[in-house]
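# Summary of structural features
Below, each chain spelled out in residue letters.
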Amino acid sequence: QVQLVESGGGLVRAGDSLRLSCAASGRTFSTYSMGWFRQAPGKEREFVAAINWTGGISYANSVKGRFTISRDNARGTVYLQMNSLKPEDTAVYYCAASSWEIAVHKHQYDYWGQGTQVTVSS
């Protein structure tokens, strides 16, 4: 069992930066791939970024070059550094854990956090 708690969301202006954090409970954090998803009002939850236990990373095309995912296994935490934010990045951001080595789809994730709101004004 893994429990995930996101933090770091907020209201920012276009062009600003935010760093999201996701703290995981349990001693097996290092054996999971960790991902970030987001869901805007009226839209499906979509993949943003993922990092596996070997450090392999995947990004959605919409955030490539602006967002950076990283993890600290000693702290049991995964981060999402978001730069050059745009109004279309506005969404609830969710952290999730997967036992798949390459995990870019919702159905591959077993555990989810409660989400943190990110709002980007123009």
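Our subject is the structure that appears above.
Read on for a plain summary of the structure.

Conventions used here
Residues numbered from 1 in each chain as written. Predicted model: local features only at pLDDT ≥ 70, side-chain atom pairs only at ≥ 80, totals over all residues. Heavy atoms only, no water. Helix = DSSP H or I, 4+ residues; strand = E, 2+ residues; numbered from the N terminus. Rg over C-alpha atoms; globule rule 2.2 N^0.38 Å. Contact = heavy atoms within 4.5 Å. Core = buried A, V, L, I, M, F, W, Y, C linked by side-chain atoms within 4.5 Å. Buried < 20%, exposed > 50% of the residue type's maximum accessible area, 1.4 Å probe, protein only. Pairing = 2+ DSSP bridges. Axes fitted to C-alpha atoms, helices over the stretch in contact; angles between N-to-C directions. Salt bridge = Lys/Arg side-chain N within 4 Å of Asp/Glu carboxyl O. Phe/Tyr/Trp six-rings, centres within 6.5 Å; stacked < 30°, edge-to-face > 60°.

The subject of this paragraph is the overall build of the chain. Helices and strands together make up the secondary structure of the chain, namely zero helices and eleven strands. In sequence order, the chain lays out its α and β elements as β-β-β-β-β-β-β-β-β-β-β. Against the 2.2 N^0.38 benchmark of 14 Å for 122 residues, the chain shows a C-alpha radius of gyration of 13 Å, consistent with a compact globule. Projected onto its principal axes, the C-alpha coordinates of the chain cover approximately 40 × 25 × 25 Å.

Turning our eyes to something else, we now look at the side chain of S21. Residue placement: S21 occurs in strand β3 (residues 18-24). If near-sequence neighbours (up to four positions away) are discounted, S21 is found in contact with V5, E6, S7, W36, T77, V78 and Y79.

Counting residues in each nonpolar core, the largest one holds 34 residues, and the members touching the most others are M34, W36, V78, L80, M82 and Y93. Going through the elements one at a time, β3, β4 (33-39), β5 (46-51), β7 (67-72), β8 (77-82), β9 (91-98) and β11 (116-121) are the ones with two or more residues in this core. Beyond its immediate stretch of four places on either side in the chain, L80 contacts L18, R19, L20, W36, V48, A49, F67, T68, I69 and Y93.

Moving on: the sheet that holds strand β1 (residues 4-7). The strand order β1-β3-β8-β7 describes an open sheet built from four strands, whose pairing is antiparallel. What marks the edges here is a single partner per strand, and that holds for β1 and β7. Put simply, the sheet's adjacent strands are angled 15° from each other on average, direction ignored.

Here we take up the pattern of salt bridges. For the structure on display, the rule yields four salt bridges. Note that R38 and E46 form a salt bridge whose closest N and O atoms lie 2.6 Å from each other. By relative accessible area, R38 is classed as buried at 5%. On the basis of relative accessibility, which here comes to 36%, the residue E46 falls in the partly exposed class. The residue D89 makes a salt bridge to R66 at a minimum N-O spacing of 2.8 Å. Note that D89 is positioned in the loop between β8 and β9 and R66 in the loop between β6 (57-59) and β7, a separation of 23 residues in sequence. Connected through salt bridges with shared partners, the residues R38, E46, R66 and D89 form a single ionic network.

This model, assessed by the stated rule, comprises five aromatic pairs. Ring centres 5.7 Å apart and planes at 75° place the aromatic pair F37 and F47 in the edge-to-face group. Remark: F47 occurs in strand β5 and F37 occurs in strand β4; sequence separation between them is ten residues. Neither residue differs from the other here; F37 and F47 are each classed as buried.

Burial runs high along β5: five of the six residues are buried. Two strands pair when backbone bridges link them, and β4 and β5 are joined in this way by five bridges, in the antiparallel orientation. Bridge pairing in β5 places F37 opposite F47. The loop that links β4 with its antiparallel partner β5 comprises six residues; one of these, G42, has a positive phi angle of about 75°. Bridging between β5 and β6 involves three bridges; their strand directions are antiparallel. Among the inter-strand pairings, I51 is bridged to a residue of β6, identified as I57. Hairpin geometry of β5 and β6 is characterised by an intervening segment of five residues between the two adjacent antiparallel strands and by a positive phi of about 95° at G55.

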